[in-house]
Structures are given as C-alpha cells and as structure tokens.
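For reference, the chains in residue letters:
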Amino acid sequence: MAHSSNPAHGTAHAHAGGHPLVGHLVPVSTLLFTATGLLILTVITVAVRYIDIGEFNIWVAIGIAVVKAALVATFFMHLRWDRPFNVLVFVGCTLFVILMMAFCVLDTGQYRATQYTGNPPVAQQTLDANAPGAPVAQRKEEINP
Amino acid sequence: MTQITAEPQTSGHASGHGHADDHHSGEHAKYPFLAHHFETPAQQFDSAKLGMWLFLATEVLFFGALFVAYAVLRSRFPEVFSYASHYLDTVMGGVNTCVLIVSSLTMALAVYFAQRGKKFALVLCLWLTMGGAVGFLVIKYFEYTHKIHENLVWGPSFYVPPHSPEGEVEASVLAKAPAPAVNPVPAPTDPSATGLVSLAARPPADASAIKPAQSGPKGLGVWSAPTAAAAAAMEPQDPIPAEAPSDHLADPELPPNTHLFFAIYYAMTGLHGIHVVVGMIVIGMLIFRATRGDFGPNYYTPVDLVGLYWHIVDLVWIFLFPLFYLIH
C-alpha cells in the first residue's frame, strides 16, 4: 500500500518506467473518475435541495458532502496510499472538531431559547432611525421572563 | 549505501547520532535536492508530508471553530437560515463548486505530471489550476458586491434600507446620530390594515441620485408605497421563490436576527476566499519553479504539498456550499 515506505521500489523505476522516486503515482483514469464522481454528487446535492424531506434535508446534504470529502481525501490527496499516521492526523482532528461541535450544540440547547424575541437592541435602533415602517421593525424586543 | 536505501527506518536510528556529512555523501551527491539533515529522499519526502498534514490539521481546526459557530447559530435560529439562504445565488455557488472541483483535478494532474517528469503538462495544469482560482474569486466578487449593494451584510448595516442616501453611510454612525429630520413622514399607525409597506426614510429607487428636498412638497424624499400588485409579488408564493425581493426590509417574512446569517456567511466564505488567494500565491511560485525545471520524478515535493493545500481548500468549500446555499 504505502509505496513511500519502500523507496527501493521507487528507485528501481525512477528512470526506467517514469515512476517517481518517492510517493505513489495515481493513474490519470482514477483522478478523472474521482472528479466525475464529485461533479455528479454536486448535481445530486443541488437537486436534493428542492425535495422536501423535512429535517433530513440537512443530513442528506451533509452526508453527500462527507462522501465528496472522502473522495477528495482518498484519491486527490493520495491518502489511500499515504502513511497511516497521516490518515490518523487528518481523521483524528476531524473527529475532534465533530466532538467540539456536538458539545457546543448540546450545551446551547440547554439554555433558554432566546433572550430577545424581537430584534436585538442595536438592530432595532438602526431600524427606528432608518426604516421605521419595515415589517421587521414592528417586532419590538421582548425580554423573556 | 544500498542497505540505507532499502531500510530507511533502521538506518536512520542506527546512524542518528553520527551527523557526519560525508557519511551519506553518496546519497547527497546523487540527489542535489536532499537536505544535509536527511539521509534519504524518502525520509525527506515523508517528513515534508507529515509536516504538511499537521498544518492541514490546524487548518481543519481553524475552519472547525467557524463550523461550530455555524452549528450553534443554526440550531438557535433555524428560521433565519432557511429564510436567508434564498438570498444566495445557487447557480453561482454551484458553478463555483464545479470550478473548484475541476481545479482540484488539474492540481492532482499537476502532481501526476510532475511525478512523470512531463514539464509542459505540469506547467499547463498549474496554469489551469490558477485559472480556476481566478474564476472562483471573480464569481465570488460578483456575489459579494451584489449583496453589499443590497445591504445584505453583517451587523446593523443590514437594517439600513439599501439605495437610500443614508444607506451609503456607516450604519454604526447613524445608530448613534439622531433620526434624520429631512421630510419627516409619520409612520403608518396601522401598516397591517392595508398590507402595504411604508419605509419613511426611503426615496424611490429611480431617484436615488437626487438628494431629498429640504423643504417644499413631499416628493422625491418620500418613499412611495408599492402597489398592491407589487406587494403581492413580494409575498413568497413558492417554498423557494425564484427571486428574493430586492429589498429585504420590505419583506414581511423577514425574521429577526437575519443579519446573523450574513455574519457567519461572510466570515466563513471570507476566510475560505483568503485561502484561495494564498493558494494562488503558492501556485504562482510553483509555476515559476516548474517553468525553471525544478521538478521531476525524483523531486516534486512542493507540487505535492501545494496540491494537498489546494485540495483542503476545495474540501472546505464542499461543506460550505450545501450549508449556506442549499438550505431547504
């Protein structure tokens, strides 16, 4: 798998077969297939937007984005043939971002919905000064009990 | 020497405390690009890759903090996100996604041609990647300028009617200043009675270049209420209107705190745009060196590392596009 871990392989082909001294040569066909898959998934994710499946819309969109990201990382970024430790660095930090996000969203959900049901004070001030007739300006701030 | 080439790991440990330059002079004479503190090209390549991946990890955390902010805001104001997303141009965003994917492909091809030692194809692919970056920023420029022109921005400026003389001024200054006394028009006592929208401080859009009269008949300085047909057209007939109303403040559907969507939109796409600019700079450096003939099958590490950077820029946009443009 990891060709870079065996430089003897690369050296043997470095000048004969046009292979690099180090690293892995990903065939052009693989790169073209990856790009085609990414473009198809882009069309799908745009199309899914217009289908109402309630709260699952965002999860479908994120799922397609994760598949696209995996395609980019695996083939464009050579992670499939890279050292496992580099995979660990990338996947590990991504997991920690997800962990941080999960805790922040969980924490936010524990607080009262909003302090202001209307516009925040600075926004209301600006509205009163510039566009007092705007519909949104009529929604005066109410502080929740 | 052959033993070192075959077993870079063990030889690295065995002679790690040697540090004699002539110890590996054969390897260094063979590969002029090999730095003196590395023993083999493979060791140098792996070290560079590990360093780049660690940098990319910090990039993921960098953007990750903004994604966390996005998640908190969206969980707190879901109605704002589903409403304001329709102000973003899905076509422009989709085209930009495709532009970045294709430029990622040309960057991966550039690495391939560098590995094969095809200089012309390498330089061509780098130029194509640069073209993708320029195209992305040009489209982004049109998106940004259109939104800024409509006052679809972060902060209190969002609540200043666009196209008004006051709209050009910094809103924070206006917020502190007293309300303009030019042609004071009383706000409608019951705007819901007619269903019409009155923006007192707003002149007609076609007279925006003319300053409101200080005195005299109420004319250019007064916002003429839209007709019933125009007001009906502003009502969203469809879950996804074909075109959002040009003046967001006239839209009765506008939820409070909509400016937060644009705050996080500009923060995330702006940081991404800065990364695209940095990518253009490093790709430009690669073009210079590739034209000079620095890269080949033996040495292409800079092309590979810039490629990794460019792919992570693409990867971030892959998430930004559905999260901002494609909210149902």
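If you're wondering where the values come from, they're calculated on a predicted model, not measured in any experiment. (Residues numbered from 1 in each chain as written. Chains lettered and ligands numbered in written order. Predicted model: local features only at pLDDT ≥ 70, side-chain atom pairs only at ≥ 80, totals over all residues. Heavy atoms only, no water.)

A. A look at the overall build of chain A. Within chain A, the secondary structure is distributed over five helices and zero strands. Secondary structure of chain A in N-to-C order comes out as α-α-α-α-α. A burial count over chain A gives 39% of its 145 residues as buried. Within chain A, contacts between residues at least 6 apart in sequence are counted, and of these 46% link residues at least 24 apart. (Helix = DSSP H or I, 4+ residues; strand = E, 2+ residues; numbered from the N terminus. Buried < 20%, exposed > 50% of the residue type's maximum accessible area, 1.4 Å probe, protein only. Contact = heavy atoms within 4.5 Å.)

B. Layout of the nonpolar core. Met77 of chain A together with Leu122, Leu126, Phe261 and Phe324 of chain B are the most contacted members of the largest nonpolar core, which has 107 residues in total. The dominant element in this core, judged by the number of residues it contributes, is helix H12 (residues 301-325) of chain B, at 17 residues. With near-sequence residues (within four places) excluded, Leu122 of chain B lies in contact with Ala110, Phe113, Ala114, Ala290, Phe295 and Val303 of chain B. (Core = buried A, V, L, I, M, F, W, Y, C linked by side-chain atoms within 4.5 Å.)

C. Broad picture of a nonpolar patch on the surface. Residues Ile51, Ile53, Phe56 and Trp59 of chain A make up a contiguous nonpolar surface patch of about 450 Å² in total accessible area. Relative to the helices and strands, Ile53 of chain A is located in the loop between helix H2 (28-49) and helix H3 (56-76). (Patch = residues over 30% accessible without salt bridge, like charges linked within 9 Å, V, L, I, M, F, W, Y side chains within 5 Å. Areas by Shrake-Rupley, 256 points an atom, 1.4 Å probe, with all protein chains shown as cover. Salt bridge = Lys/Arg side-chain N within 4 Å of Asp/Glu carboxyl O.)

D. Structural view of the side chain of Lys140 of chain B. Relative to the assigned elements, Lys140 of chain B resides in helix H7 (residues 119-149). Dropping the residues within four chain positions of it, Lys140 of chain B is found in contact with Asn96, Tyr265, Thr269, Trp317 and Tyr325 of chain B.

E. Spatial organisation of the interface of chain B and chain A. Taken together, the 85 residues of chain B in the interface contact 78 residues of chain A. A combined buried area of about 6,700 Å² lies between chain B and chain A, and 74% of that area is made up of carbon and sulfur atoms. It is Trp53, Arg76 and His328 of chain B in chain B that bury the most area against chain A; as a group they hold 10% of the surface buried on that side. Here chain B is connected to chain A by two salt bridges. With a closest N to O distance of 3.6 Å, Lys49 of chain B and Asp82 of chain A form a salt bridge. Applying the counting criterion to the chain B and chain A interface returns eleven residue pairs in polar contact (both at pLDDT 80 or more). (Buried area = accessible area lost by both parts, 1.4 Å probe. Polar contact = N/O pair within 3.5 Å; in protein donor to acceptor, adjacent residues only side chain to side chain.)

F. Focus on the environment of Tyr50 of chain A. Inspection of the secondary structure assignment puts Tyr50 of chain A in the loop between H2 and H3. For the pair Tyr50 of chain A and Asp82 of chain A, spaced 32 residues apart in the sequence, the C-alpha separation amounts to 39 Å.

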